[in-house]
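Tertiary structure, described
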Amino acid sequence: MNILSIDTSCDETAVAVTNDTTVLSNVIWSQASLHTKWGGIHPSLAQREHEKKIEWVIKRAMTNAKCPMANVSAIAVTVGPGLAVSLQVGITHAKKLAIDWQLPLVAVNHVEGHILSSLAESSKSKRNNNLSFPAFGLVVSGGTTQLFLVEKIGKYKIVAQTTDDALGEALDKAARMLGLGYPGGAVLEKMAKKGNSDFYELPIPMLGRERERRFSYSGLKTAMWRLTESEKQKGALSKTKIQNLAASFQDKAFNHLIRVTDYAISNHQKKYEVKNLLVGGGVGANVELRKRLRKMARELKVKVHFPYSKKLYTDNAAMIGVAAYFKFRRGEVVSNDKLDSIDREPRAKIDKPFGFEKGFKNSL
Ligand code: KG4
């Protein structure tokens, strides 16, 4: 079945067409460069840009997929978590499409999209999606750093999560301290590749406290700020210094992520066998992080799954289409006469149903 999906949860206007779990098109209009001078997302600017671009992105996704509306079986949209005013734009357009074409609507949790992004397939290369569940799901993005137990698709338990910044947010802030712009994760990675991660001493967060199953980046961030400020007092930061600072920060941030994830998975494995780890979210695009996750997974005898394309890591609508496909199969759809019950849910939780969903029964 073909699903047209929309995600406007943050600063990307994203629309995709998927056929079951196969991506037919995945169009992303990023506003990131417009927010650079604020060093973060400016809400009313984000809303305005989504409104300006969304119809064009929808048209482009339909054209790229070579799929006329008459062949679409459902509309899917992210209703949360995310920035309220941004979510609203996608929801309004999704409802309009559902009414115009008399199609059911599937409301999707953005984080569930990230968890399932590694199940997306391309029409050229099919994947074996017959995974055994339970599995683990790790989402490392700008808004979330969470490890889940995926009991089955649609049923998630939080195993570990951040108590302050998300990993992507911490990398962005470190990049900003180094004058690398926003969002800075990818530039920081480039700098870190050429740097020496042992040159500066930065602390590994919560070392020895992995059993608390918490991710935390605030201490590391403060240490980085102090270090950077003291280096700046000596004069403008040279490229070599920036590379070494970037390498040190990234190394400690990843070290902490791996330690907690490794502890949580291996502890769980003592009682129950779990064979798969699904990874999603923008920071997953980082080559060094994927290398470390592969190594950890090998040692834990778990198979790790990453999205097949870079465009599936950061915010995109194809992952929403994949999540929507499974929800559709479970009958979790909203018919035209109930569209009013769907509203944005900026603080939506993955382990809780949406407000309007409380009466649904999972049938898969
Ligand atoms: O998944 P995403 O678009 O955001 C949320 O859904 O929250 O991820 C964006 C985050 C940003 O923090 C960005 O700096 C980071 O992903 N990111 C990276 C890389 N590419 C994007 N971080 C590290 N290395 C990268 N290559």
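No experiment lies behind these values; they were computed from the predicted model shown.

So, the overall build of the protein
Looking only at helices and strands, one finds 10 helices and 12 strands in the protein. Over its C-alpha atoms the protein spans a radius of gyration of 20 Å, differing by no more than 12% from the 21 Å that the globule rule assigns to 364 residues. In terms of overall dimensions, the protein has C-alpha extents of about 65 × 50 × 40 Å along its principal axes. In the protein, which comprises 364 residues, the share counted as buried stands at 54%. Partitioning the contacts of the protein with sequence separation of at least 6, the portion at a separation of at least 24 is 75%. Total accessible area on the protein is roughly 16,300 Å²; 50% of this is exposed by carbon and sulfur atoms.

A look at the sheet that holds strand β11 (residues 276-280)
On the basis of which strands lie adjacent, the open sheet formed by 6 strands has the order β10-β9-β8-β7-β11-β12 and mixed pairing. Two strands close off the open sheet at either side, each with one partner strand: β10 (214-215) and β12 (303-305). Bridge analysis of strand β7 (residues 135-140) against strand β8 (residues 145-152) gives 6 bridges, and the strand direction is antiparallel. Directly across from glycine 137, in β8, lies its bridge partner phenylalanine 148.

Observations concerning the packing of aromatic side chains
Here the structure, examined in full by the defined rule, presents 4 aromatic pairs. Judged by centre distance (5.0 Å) and plane angle (80°), the rings of phenylalanine 199 and tyrosine 200 are edge-to-face. Just above the ring of tryptophan 29 sits the side chain of lysine 53; from NZ or CZ to the centre is 4.5 Å. Across from the ring centre of phenylalanine 306, 5.9 Å away, lies the NZ or CZ of arginine 290, which sits over that ring.

Description of the site of the ligand
In the vicinity of the ligand there are 20 residues, among which Gly143, Asp172, Glu189, Gly282 and Asp315 approach most closely. The backbone of glycine 168 places a nitrogen or oxygen atom 3.1 Å from an oxygen atom of the ligand. Between the ligand and glycine 185, the relevant distance is 2.9 Å, taken from an oxygen atom to a main-chain nitrogen or oxygen of the residue. Within the complex, the protein chains bury 89% of what would otherwise be the 560 Å² of accessible surface of the ligand. Where the shell around the ligand is concerned, the elements lending two or more residues are α4 (110-116), α5 (167-177) and α6 (185-194). Tallied by class, the residues present in the shell around the ligand amount to 6 nonpolar, 11 polar and 3 charged.

Regarding unusual backbone geometry
The peptide bond linking glycine 80 to proline 81 adopts the cis configuration, its omega dihedral lying at -10°. With respect to the helices and strands, the residue proline 81 is situated in the loop between β4 (74-80) and α3 (84-100). Look at the link from tyrosine 182 to proline 183: it is a cis peptide, with omega at -10°. With respect to the secondary-structure elements, proline 183 resides in the loop between α5 and α6. Of note in the backbone geometry, lysine 66 takes a positive phi value of approximately 50° without being a glycine. One can find lysine 66 in the loop between α2 (43-65) and β4. In this structure, arginine 213 is a non-glycine residue whose phi angle is positive, near 50°. Examined against the element boundaries, arginine 213 turns out to sit in the loop between α6 and β10. Arginine 213 gets classed as partly exposed once you look at its relative accessible area, which sits at 30%.

Observations concerning the pattern of salt bridges
Between side chains of opposite charge, pairing is possible as soon as their charged atoms come close. Tallied over the full model, the rule gives 21 salt bridges. With a closest N to O distance of 2.9 Å, arginine 209 and glutamate 212 form a salt bridge. Where arginine 292 meets aspartate 251, a salt bridge forms, and the shortest distance between an N and an O atom there is 2.7 Å. With arginine 292 in helix α9 (residues 287-300) and aspartate 251 in helix α8 (residues 239-269), this pair connects stretches of sequence that are 41 residues apart. On the accessibility criterion, aspartate 251 (15% relative accessible area) is buried.

Re the environment of serine 117
Within the secondary structure, serine 117 is located in the loop between α4 and β6 (121-122). Considered as a pair, serine 117 and isoleucine 320 are 203 residues apart in the sequence and their alpha carbons are 8.1 Å apart. Ignoring anything within four residues of it in the chain, the contact list for serine 117 reads Val279, Gly280, Pro307, Leu312 and Met319.

So, how was this worked out
- Residues numbered from 1 in each chain as written.
- Predicted model: local features only at pLDDT ≥ 70, side-chain atom pairs only at ≥ 80, totals over all residues.
- Heavy atoms only, no water.
- Helix = DSSP H or I, 4+ residues; strand = E, 2+ residues; numbered from the N terminus.
- Rg over C-alpha atoms; globule rule 2.2 N^0.38 Å.
- Buried < 20%, exposed > 50% of the residue type's maximum accessible area, 1.4 Å probe, protein only.
- Contact = heavy atoms within 4.5 Å.
- Areas by Shrake-Rupley, 256 points an atom, 1.4 Å probe, with all protein chains shown as cover.
- Pairing = 2+ DSSP bridges.
- Phe/Tyr/Trp six-rings, centres within 6.5 Å; stacked < 30°, edge-to-face > 60°.
- Lys NZ or Arg CZ within 6 Å of the ring centre and 35° of its normal.
- Near = heavy atom within 4 Å.
- Polar contact = N/O pair within 3.5 Å; in protein donor to acceptor, adjacent residues only side chain to side chain.
- Nonpolar A, V, L, I, M, F, W, Y, C, P; charged D, E, K, R; others polar.
- Salt bridge = Lys/Arg side-chain N within 4 Å of Asp/Glu carboxyl O.

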